[in-house]
Amino acid sequence: MKSRMAIAILSVMACSATTLVAQGPGADTYKAKCAMCHAADGSGNTPAGKATKTPSFSSPEMLKMSTAQLVAATKEGKGKMPAYSDKLTGAQITAVVAYIQTLQKK
Ligand code: HEC
């Protein structure tokens, strides 16, 4: 019985963590800094996204990337994608990557 309670509590916690990510600082940073190319839904389907050939976060290559790789790519930039290591704090990058992962459709 005790373990069932623990599972119930854990799943409530997991749900609220997802909601936090979906509405928290990562979402704000994404909308302010990334959505013009990557699109609100992460598809890359915006005029700037098309002009820079921004890939979808749900592309097979992106789905294969680990959290650490996504963080490194955001810090260092790649091709037409700007580097954010001097524009965002480490915490903001961690939050924005967590938000990107909520947009990925596996
Ligand atoms: C000016 C348009 C633009 C903006 C703004 C932008 N990106 Fe990108 N992003 C790109 C393009 C283009 C690529 C593909 C780069 C390539 O593969 O050459 C990319 C790729 C990525 C990748 C995958 C890199 C890889 O190694 O394949 C991540 C992660 C990413 N962007 C995160 C972000 C985040 C987070 C932000 C906001 C803080 C952001 N991007 C803002 C254009 C943009």
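Quick caveat: nothing in here was measured; it's all calculated off a predicted structure. Position numbers for residues count from 1 along each chain, tracking the sequence in the order it is written. Totals for whole chains, interfaces and linings use all residues, but because this is a predicted model, local features are given only for residues with pLDDT of at least 70 and pairs of side-chain atoms are given and counted only at 80 or more. Hydrogens and water are ignored here; the side-chain numbers use all heavy atoms of the structure.

Undergrad: Which residues make up the environment of V71, and what values go with them?
TA: On the secondary structure map, V71 appears in helix α5 (residues 67-76). Categorising residues by exposure relies on relative accessible area from a 1.4 Å probe, with only protein chains included: less than 20% of the type maximum marks a residue as buried, more than 50% marks it as exposed, and the intermediate range marks it as partly exposed. What makes V71 buried here is its relative accessible area of 17%. Separated by 27 residues in the primary sequence, V71 and A98 place their C-alpha atoms 9.4 Å from one another. Residue contacts are counted whenever heavy atoms from the two residues lie within 4.5 Å of one another. V71 has contacts with I93 and V97, leaving out every residue within four places of it along the chain. Secondary structure follows DSSP: runs of H or I at least 4 residues long count as helices, runs of E at least 2 residues long count as strands, and numbering of each begins at the N terminus.

Undergrad: Lay out the coordination of the iron atom of the ligand in plain terms, naming residues and giving numbers.
TA: Only N, O and S atoms count as donors, using a 2.8 Å limit from the metal and a wider 3.2 Å limit for Na, K and Ca, and since water is excluded some coordination spheres may look unfilled. Coordination sphere of the iron atom of the ligand, protein contribution only: H38 (NE2) and M81 (SD), at 1.9 to 2.0 Å. Just to be clear on the cut-offs, tetrahedral is four donors with all angles between 85 and 135 degrees, square planar is four donors and octahedral six with opposite donors over 155 degrees apart and all others between 65 and 115, and anything else goes down as irregular. Geometry at the iron atom of the ligand is octahedral, judged from the six donor atoms that bind it and their angles of 88 to 180° at the metal. Of this pair, H38 sits in helix α2 (residues 25-38) while M81 sits in the loop between α5 and α6 (90-103), placing them 43 residues apart in sequence. The class of H38 is buried, set by a relative accessible area of 9%.

Undergrad: Which residues make up the site of the ligand, and what are the values?
TA: Near the ligand, the surroundings consist of 23 residues, among which C34, C37, H38, T52 and M81 are the closest. Contacts to the ligand include H38, whose side-chain N or O atom sits 2.7 Å from a nitrogen atom. Two N or O atoms count as a polar contact when they lie within 3.5 Å, although within protein this holds only if one can serve as hydrogen donor and the other as acceptor, and sequence-adjacent residues are included solely when both atoms are side-chain atoms. A distance of 3.3 Å separates an oxygen atom of the ligand from a polar side-chain atom of K78. When contributions to the shell around the ligand are tallied by element, the ones reaching two or more residues are α2, α5 and α6. The residue inventory of the shell around the ligand, partitioned by class, reads 15 nonpolar, five polar and three charged. Any residue with at least one heavy atom within 4 Å of a molecule or strand is counted as near it. Following the grouping adopted for this structure description, the nonpolar residues are Ala, Val, Leu, Ile, Met, Phe, Trp, Tyr, Cys and Pro, the charged ones are Asp, Glu, Lys and Arg, and the polar ones are all others, Gly among them.

Undergrad: Give me the lowdown on the side chain of Q104, citing residues and values where you can.
TA: With respect to the element layout, Q104 can be found in the segment after α6. Note on Q104: relative accessible area 9%, which makes it buried. Those residues in contact with Q104 that sit more than four places away from it in its chain are F57, S58, M62 and L63.

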